[in-house]
Amino acid sequence: MGRWRSIGISPRWWDHWAIPKGSPSAQKAQRFIEFATRAERQAAFAQIYPEGPTNRNAFRLLSEQLARKLPSHPHYMASSVVMNGQWYGQRAADGKTNSDRLRERWNEWIFT
C-alpha cells in the first residue's frame, strides 16, 4: 500500500483498470489510464458524477462543499474499512471460494 500512497492513490478503492494481455493497443490503453487517473481529470469527473476520486490530489481541486459529499473524502477514509480483495478468491477444501459462499448465502437469504 505504501507505493500507492506515495503517488496519491487511495488503497481502499475497489475499482480497477485492466489491459488484456497481448492487447495490440496496450500503449494507448496505458496512456488513457494515466490520463483518467490524473487529479484534474478525476476532479472534473467528480463534478458531474458523484463518485469519489481515487487520486487524493483531486480533492485539492474541488470545493469543500462538493468534496464532503464524495465517499472517498479524506475525512471519511480515515474511518473506513479496508477490504481484503484476496479473501474473496480464497478457496476452501471443497473448492468453493469465499465469494461463492457469500453469493450462496445472499441467494438463500433473498429468495426465502
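Placed above this text is the structure.
### Here we look at the pattern of salt bridges
So, point 1. Throughout the structure, instances matching the rule amount to 5 salt bridges.
So, point 2. Between glutamate 34 and arginine 38 there is a salt bridge whose closest N-O contact spans 3.0 Å.
So, point 3. Glutamate 34 sits in the partly exposed class, given a relative accessible area of 42%.
So, point 4. Two residues, lysine 96 and glutamate 104, come together in a salt bridge whose shortest N-O distance is 2.9 Å.

### Examining the nonpolar core
A general tendency of soluble globular proteins is for nonpolar side chains to be buried together.
So, point 1. Residues Ala39, Ala43, Ala46, Ala58, Phe59, Leu62, Ala67 and Leu70 constitute the largest nonpolar core, which totals 8 residues.
So, point 2. The leading source of residues in this core is helix H3 (residues 39-46), at 3 residues.
So, point 3. Those residues in contact with alanine 46, other than ones at most four positions away along the chain, are Glu51, Pro53, Leu62, Leu66 and Leu70.

### Remarks on H3
So, point 1. If you check which residues of H3 are buried, you get Ala39, Gln42, Ala43 and Ala46. Angularly, the buried residues of H3 cover 100 degrees about the axis, an arc narrow enough to put them on a single face.
So, point 2. Where H3 is buried, its residues contact helix H2 (26-36) and helix H4 (64-67).

What counts as what
- Residues numbered from 1 in each chain as written.
- Predicted model: local features only at pLDDT ≥ 70, side-chain atom pairs only at ≥ 80, totals over all residues.
- Heavy atoms only, no water.
- Salt bridge = Lys/Arg side-chain N within 4 Å of Asp/Glu carboxyl O.
- Buried < 20%, exposed > 50% of the residue type's maximum accessible area, 1.4 Å probe, protein only.
- Core = buried A, V, L, I, M, F, W, Y, C linked by side-chain atoms within 4.5 Å.
- Helix = DSSP H or I, 4+ residues; strand = E, 2+ residues; numbered from the N terminus.
- Contact = heavy atoms within 4.5 Å.
- Arc of directions from axis to C-beta.

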